[in-house]
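Report on the structure
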Amino acid sequence: MEHLLLSVHVLAAIVFVGGSAVATSLFPRFAPVAGGVPASVAGDTADPAADTRSGARSPGERNPAVAALLHRITRGYAVAGVTVPVAGIALALFQGRMGEIWVTVAMLLTAAAGILLAAQIHPRQRDALREPGDPRELRTLSMLAGIYNLVWAVVVVLMIVRPGAAE
């Protein structure tokens, strides 16, 4: 049972948390902005020698369809990502580790990441799709995605190092 729980926990983290982390990070690059500002103006760099034939998209061009897809991935993978803490808590209970500090800190950080995603990132993505705004708002969204990803990186380090573990 322990191996099954550990496998579900790790695989769900890789697929669902990893997928939402990538989607949140890429969203600001493709989200539409007011006035049709290309991505290069909003902070991304586009290749000036890119193919500009009729109908070809330049690397810095914003794409609302891609942004909408990334928004759906963010939402869907976040919902499916609830599997990660559920399996993690079940695993910690099975192993008798619930009282260890690294488990507690990891659970608090996981909750913080979930709140950040639900209360800030997802609503800001939705708003950016509804009404394109200022590129500075997308920079803020990009910063929030970076914080979200950093929190998950800290959780991964806690899972590997397990400071205060009873071993």
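As the structure is a prediction and not an experimental result, all values here were calculated from the model.

A word on the confidence of the model for the chain. On average, residues of the chain score 89 in pLDDT, and 84% of them are at 70 or above. Here residues 41-54 is a poorly scored stretch, pLDDT under 50, and it has 14 contacts once near neighbours within four places are set aside; other chains count.

All right, on to helix 2 (residues 64-80) then. Between its first and last C-alpha, helix 2 extends 24 Å over 17 residues, near the 24 Å set by a 1.5 Å rise per residue. Those residues of helix 2 not exposed but buried are Ala 67, Leu 70, His 71 and Thr 74. Within helix 2, the buried residues cover an arc of 105° as seen down the axis, which keeps them to one side. Among the exposed residues of helix 2, those oriented more than 90 degrees off its buried face are Ala 65 and Val 79. For helix 2, the elements touching its buried residues are helix 1 (2-30) and helix 4 (101-130). Here helix 2 starts with a cap whose side-chain oxygen sits 3.0 Å from the backbone nitrogen of Ala 65, and that cap is Asn 63.

The next subject is the packing of aromatic side chains. A full pass over the atoms with the stated rule returns 2 aromatic pairs. Relative to Tyr 77, the ring of Phe 16 has its centre 5.8 Å away and its plane inclined at 90°; by these criteria the two rings are edge-to-face. Of this pair, Phe 16 sits in helix 1 while Tyr 77 sits in helix 2; the two residues are 61 residues apart in sequence, bridging distant segments of the chain. Plain terms: the ring middles of Tyr 148 and Trp 152 are 6.3 Å apart, the flat faces sit at 90° to each other, and that makes the pair edge-to-face. Note that Tyr 148 and Trp 152 are positioned in helix 5 (residues 135-161) at a spacing of 4 residues, about one turn of the helix. Of the two residues, Tyr 148 and Trp 152, both sit in the buried class.

Bringing the pattern of salt bridges into the picture now. Counted under the stated rule, the structure contains 3 salt bridges. We note a salt bridge from Asp 127 to Arg 126, for which the minimum N-O separation is 3.9 Å. Under the relative-accessibility criterion, Arg 126 is labelled partly exposed at 30%. Salt-bridge contacts for Asp 134 lead to Arg 136; the nearest nitrogen and oxygen are separated by 2.4 Å.

With that settled, the discussion passes to the nonpolar core. Ranked by size, the top nonpolar core spans 28 residues in total, and within it Phe 27, Ile 121, Leu 138, Tyr 148 and Trp 152 carry the most contacts. Elements represented by at least two residues in this core include exactly helix 1, helix 2, helix 3 (83-95), helix 4 and helix 5. Discounting chain neighbours no more than four positions away, the residues touching Tyr 148 are Ser 20, Ala 21, Thr 24, Ala 113, Leu 116, Leu 117 and Ile 121.

When two helices pack together, you describe them by how their axes are tilted relative to each other and by the distance separating the axes. Interaxial distance between helix 4 and helix 5 falls to 9 Å at its minimum, and their mutual angle equals 160°. One finds that helix 4 runs roughly antiparallel with respect to helix 5. Remark: the crossing between helix 4 and helix 5 carries left-handed chirality. In the contact of helix 4 with helix 5, the residues fall into 21 nonpolar, 4 polar and 1 charged.

For Ala 166, the position within the fold is in the segment after helix 5. On the accessibility criterion, Ala 166 (66% relative accessible area) is exposed. On a C-alpha basis, the gap between Ala 166 and Glu 100 in space is 7.4 Å, while along the polypeptide they are 66 residues apart. Discounting chain neighbours no more than four positions away, the residues touching Ala 166 are Arg 97 and Glu 100.

On the surface, Leu 6, Val 10, Leu 11, Ile 14, Val 15 and Tyr 77 cluster together into a nonpolar patch covering about 520 Å² of accessible area. It is helix 1 that contributes the most residues to the nonpolar patch, 5 residues altogether. Topologically, Leu 11 is positioned in helix 1.

Rules used in this analysis
- Residues numbered from 1 in each chain as written.
- Predicted model: local features only at pLDDT ≥ 70, side-chain atom pairs only at ≥ 80, totals over all residues.
- Heavy atoms only, no water.
- pLDDT = per-residue confidence, 0-100.
- Contact = heavy atoms within 4.5 Å.
- Helix = DSSP H or I, 4+ residues; strand = E, 2+ residues; numbered from the N terminus.
- Expected span 1.5 Å × (residues − 1).
- Buried < 20%, exposed > 50% of the residue type's maximum accessible area, 1.4 Å probe, protein only.
- Arc of directions from axis to C-beta.
- Polar contact = N/O pair within 3.5 Å; in protein donor to acceptor, adjacent residues only side chain to side chain.
- Phe/Tyr/Trp six-rings, centres within 6.5 Å; stacked < 30°, edge-to-face > 60°.
- Salt bridge = Lys/Arg side-chain N within 4 Å of Asp/Glu carboxyl O.
- Core = buried A, V, L, I, M, F, W, Y, C linked by side-chain atoms within 4.5 Å.
- Axes fitted to C-alpha atoms, helices over the stretch in contact; angles between N-to-C directions.
- Parallel < 35°, antiparallel > 145°, perpendicular 65-115°, else oblique.
- Left-handed = near helix turned anticlockwise from the far one by under 90°.
- Nonpolar A, V, L, I, M, F, W, Y, C, P; charged D, E, K, R; others polar.
- Patch = residues over 30% accessible without salt bridge, like charges linked within 9 Å, V, L, I, M, F, W, Y side chains within 5 Å.
- Areas by Shrake-Rupley, 256 points an atom, 1.4 Å probe, with all protein chains shown as cover.

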